[in-house]
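Structural description and commentary
For reference, the chains in residue letters:
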Amino acid sequence: MISRDQYIESINKLDHRVFIQGEQVDRIADHPISAPAAMALAETYAQAEKEDQKALYTAKSHLTGETINRFLHIQQNVEDLIAKIDMLRDMGKKTACCFQRCAGLDCVNAVYSVTHDIDRQYGTTYHERFKDFLIHLQQNDYFPAACMTDAKGDRSLSPSQQADKDQFLHIVEERPNGVVVRGAKLHITGGVNAHELIVMPTRALTEKDTEFAIAFAVPADTEGVTMIYGRQPSDSRRLEKGKPDIGNLHFGGCEALVVFENVFVPTERIFMKGEYPFAGKLVELFAANHRASYGGCKVGVGDALIGATSLIAEVQGTEKASHVKDKIAEMVHLNETLYAGAITAAVKGSPNPCGSYSVSHLAANSCKLNITRFPFEISRLAQDIAGGLLVTLPSLEDQEHAEIGAYVRKYMTGKEGVDSQTRMRVLRLIENITLGTGAVSYLTESIHGAGSPQAQKIMITRLADIEGAKAAARKLCGI
Ligand SMILES: Cc1cc2nc3c(=O)[nH]c(=O)nc-3n(C[C@H](O)[C@H](O)[C@H](O)COP(=O)(O)OP(=O)(O)OC[C@H]3O[C@@H](n4cnc5c(N)ncnc54)[C@H](O)[C@@H]3O)c2cc1C
Ligand code: SF4
């Protein structure tokens with residue numbers, strides 16, 4: 001395993017092609033816009049270094065027997081599935097943002113299992129190839145970003161029907177020692193902080209879409225790969241002098257548009273090529289893993305928001321009001337319901353044909369559907385308790401101003417004995433999580449990340465035992 005500082009150094013040294021707001025950036029962990037995301041990801045390394053966190057943040061590789069970071073572990077049993085959820089909740093609470101590394105974790109678990117299934121049907125050797133790649137990741141403690149979502153163009157058309165085929169990443173040339181691919185993957189969490197990129201198809205495919213049925217991995221600095229950093233609400237506050245209004249002082253999430261312009265992929269890095277019937281299976285497995293993960297990370301962010309809301313109630317003298325206590329209890333109830341969904345998905349997990357474990361797909365999809373809703377209600381309650389100042393607060397810099405500072409300090413205080421600075425900082429944190437850079441992860445990502453709500457409804461409809469339920473109802477009413 002590598003240390004937090006070694007991780008930061010490793011991504012600063014990467015020769016990847018990254019653009020942030022029109023400027024090419026060399027040292028990604030040093031740029032003020034991207035640094036908080038690098039620091040959030042670096043926490044996954046920092047936690048694994050701590051003696052008292054090793055049980056949660058490390059695991060034994062089933063391939064080499066070595067101790068590895070749990071973010072690279074192939075889940076071997078139900079205990080591993082539960083530990084993952086608890087680790088993500090712990091990380092969410094500590095960073096209050098998307099710390100990015102679990103997309104890679106869920107992806108390696110999905111590809112590990114599906115390559116085994118493809119080999120069984122087609123006699124290919126993808127699984128052994130993927131194992132070699134996994135050992136490479138584990139021994140270097142690398143972070144692989146999960147690149148699934150294509151640009152998709154006209155959503156009513158399949159990949160092969162698109163006017164511009166590049167709307168879905170596809171093979172453009174076959175060579176004796178590999179393939180050349182073109183296309184783009186959108187919203188890639190932690191893409192700029194990744195050592196490797198794992199690419200998978202974005203949807204189920206048919207025979208006509210064979211050229212789009214491709215899964216592979218390439219180093220993030222491979223020739224032809226360009227990353228364009230996504231903007232987030234209030235991100236330019238990170239550029240302000242002293243950054244007083246940033247809210248979350250240390251951490252943030254990040255996504256990028258990752259373009260693959262005629263990128264060569266060597267044969268040993270290809271994990272699916274043309275086996276289109278397995279594209280849908282790979283999407284479903286990655287999605288199920290990742291949907292359960294949201295019941296860890298978003299719950300952790302919920303913990304941080306409940307903490308901030310309780311603090312602001314104390315600072316403003318409302319903490320003993322019965323409706324405030326009731327609202328905080330409601331926030332906890334919603335948050336724990338999300339956690340219960342993820343734990344159910346883990347406890348009801350089962351072995352894959354290759355021996356690794358995956359969550360219950362039905363429970364994971366139900367958990368994620370709640371995630372598309374509850375963080376919004378939790379945020380609404382936080383904003384209710386915080387008051388309107390949440391969106392009308394002067395800058396924290398104003399309170400230091402020679403002329404107007406006295407006004408800000410006088411009128412921004414709450415309860416006697418609490419200074420304006422304390423109140424303003426807590427309000428800024430709530431603003432960050434529910435409206436600012438943190439809301440990208442806590443709210444919009446809760447809707448669309450790991451698939452939009454309708455994708456969960458489709459899976460729930462497919463997996464629910466409605467016939468069994470009808471049989472029970474018939475019996476009860478004597479039909
Ligand atoms: C913060 C964030 C982080 C993310 N991280 C990653 C990542 O690390 N890796 C990755 O691969 N992806 C990532 N994603 C992408 C995520 O999986 C997609 O956003 C999600 O699958 C929805 O796709 P879309 O954004 O293209 O929206 P669309 O697919 O355009 O969906 C928008 C709406 O249109 C509806 N719709 C779409 N197609 C159809 C159709 N054919 N018929 C009827 N209705 C339709 C949807 O149900 C939805 O209501 C991330 C997304 C976000 C927001
Ligand atoms: S959304 Fe959550 S589960 Fe997905 S990468 Fe971010 S922190 Fe991890």
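See the structure above.
For the structure given in this document, a descriptive report is provided here. All values derive from a computational prediction rather than experimental measurement. (Residues numbered from 1 in each chain as written. Chains lettered and ligands numbered in written order. Predicted model: local features only at pLDDT ≥ 70, side-chain atom pairs only at ≥ 80, totals over all residues.)

1. Overview of the overall build of the protein
Applied cut-off: Helix numbers and strand numbers start at the N terminus; a helix is a DSSP run of H or I with at least 4 residues, a strand a run of E with at least 2. The globule rule used for comparison is 2.2 Å times the number of residues to the exponent 0.38, while the radius of gyration itself is calculated over C-alpha atoms. Residue burial here comes from a neighbour count, namely the number of other C-beta atoms, placed from the backbone, that lie within 10 Å of the residue's own C-beta, with 20 or more meaning buried, 12 or fewer meaning exposed, and in between meaning partly exposed.
In terms of helices and strands, the protein carries 16 helices and 14 strands. Relative to a compact globule of 479 residues, whose C-alpha radius of gyration would be 23 Å, the protein shows 23 Å and is just as compact. When the backbone C-alpha atoms are referred to their principal axes, the protein occupies close to 75 × 70 × 50 Å. Burial analysis of the protein (479 residues in total) assigns 50% to the buried set.

2. A look at the pairing of strand β1 (residues 17–20)
For clarity, the cut-off: Strands are treated as partners if at least two bridges between them are detected by DSSP.
Burial of the side chains of β1 is restricted to one face: V18 and I20 are buried, whereas none of R17 and F19 on the reverse face is. Bridge analysis of β1 against strand β10 (residues 225–229) gives 3 bridges, and the strand direction is parallel. Looking at the pairing, V18 lines up with M227 of β10. Two elements, β1 and strand β2 (residues 23–25), share 3 bridges in a ladder whose sense is antiparallel. Across the sheet, residue V18 finds its bridge partner in β2, namely V25. The antiparallel hairpin formed by β1 and β2 contains 2 residues in its connecting segment, where Q21 sits at a positive phi of about 45°.

3. What about the environment of G388?
Topologically, G388 is positioned in the loop between α10 (374–386) and α11 (389–392). In sequence terms G388 and D150 are 238 residues apart; their C-alpha atoms lie 39 Å from each other.

4. As for the sheet that holds β10
Note the cut-off: Helix axes are fitted to C-alpha atoms over the stretch in contact, other axes to C-alpha atoms as well, and angles between N-to-C directions run from 0 to 180 degrees.
An order of β2-β1-β10-β11-β7-β6 is seen for the 6 strands of this open sheet, with the pairing classed as mixed. Edge positions in the open sheet fall to β2 and β6 (170–175), since each of these has one partner strand only. Averaged over all pairs of adjacent strands, the angle between their axes in this sheet comes to 20°, without regard to strand direction. Relative to strand β11 (residues 255–266), β10 is paired through 5 bridges, and the arrangement is antiparallel. Bridging from a neighbouring strand, T226 pairs with V259 of β11.

5. As for the packing of helix α4 (residues 78–95) against helix α8 (residues 322–347)
For any two helices packed against each other, the geometry comes down to the angle between their axes and how far apart the axes lie. Rules: An angle counts as roughly parallel when it lies under 35 degrees, as roughly antiparallel when it exceeds 145, as roughly perpendicular when it falls between 65 and 115, and as oblique in every other case. Crossing handedness is read from the near helix: turned anticlockwise from the far helix by less than a right angle, it gives a left-handed crossing, and turned clockwise, a right-handed one. Here contacts are defined at the residue level, using C-beta atoms placed from the backbone and a cut-off of 7 Å between them. Residues are grouped as follows: nonpolar covers Ala, Val, Leu, Ile, Met, Phe, Trp, Tyr, Cys and Pro; charged covers Asp, Glu, Lys and Arg; every other residue, Gly included, is treated as polar.
Interaxial distance between α4 and α8 falls to 8 Å at its minimum, and their mutual angle equals 155°. By the criterion of interaxial angle, the relationship of α4 to α8 is roughly antiparallel. Our pair here, α4 against α8, has a crossing hand that is right-handed. Where α4 abuts α8, its residues V78, L81, I82, I85 and R89 lie against Y339, A342, I343, A346 and V347. Here the contact of α4 with α8 is built from residues that sort into 9 nonpolar, no polar and 1 charged.

6. A closer look at the site of ligand 2
Quick reminder of the rule: A molecule or strand has a residue near it when that residue's C-beta atom, placed from backbone coordinates, lies within 6 Å of it.
The local shell around ligand 2 consists of L88, C98, F99, Q100, C102, A103, T189, S293, Y294, C297, E445 and G449. Considering every element that reaches the shell around ligand 2, the biggest residue donor is helix α7 (residues 279–316), with 3 residues. Partitioning the shell around ligand 2 into residue classes produces 7 nonpolar, 4 polar and 1 charged.

7. Here's the deal with unusual backbone geometry
The residue H187 is not glycine, and still its phi comes out positive at about 60°. Looking at the element boundaries, H187 is found in strand β7 (residues 178–189). Judged by the 16 C-beta atoms lying within 10 Å of it, H187 falls in the partly exposed class. Although it is not a glycine, N262 adopts a positive phi angle of roughly 50°.

8. Remarks on the sheet that holds strand β9 (residues 214–219)
Overall, mixed pairing links the 4 strands, which are arranged β5-β8-β9-β12 in an open sheet. The sheet terminates laterally at β5 (144–147) and β12 (270–273), the two strands that pair on one side only. Ignoring which end each strand starts from, the neighbouring axes of this sheet average 20° apart. Taken strand by strand, helix α6 (residues 126–140) contacts β5, β8 (196–199), β9 and β12, and its axis lies near 145° from that of β12.

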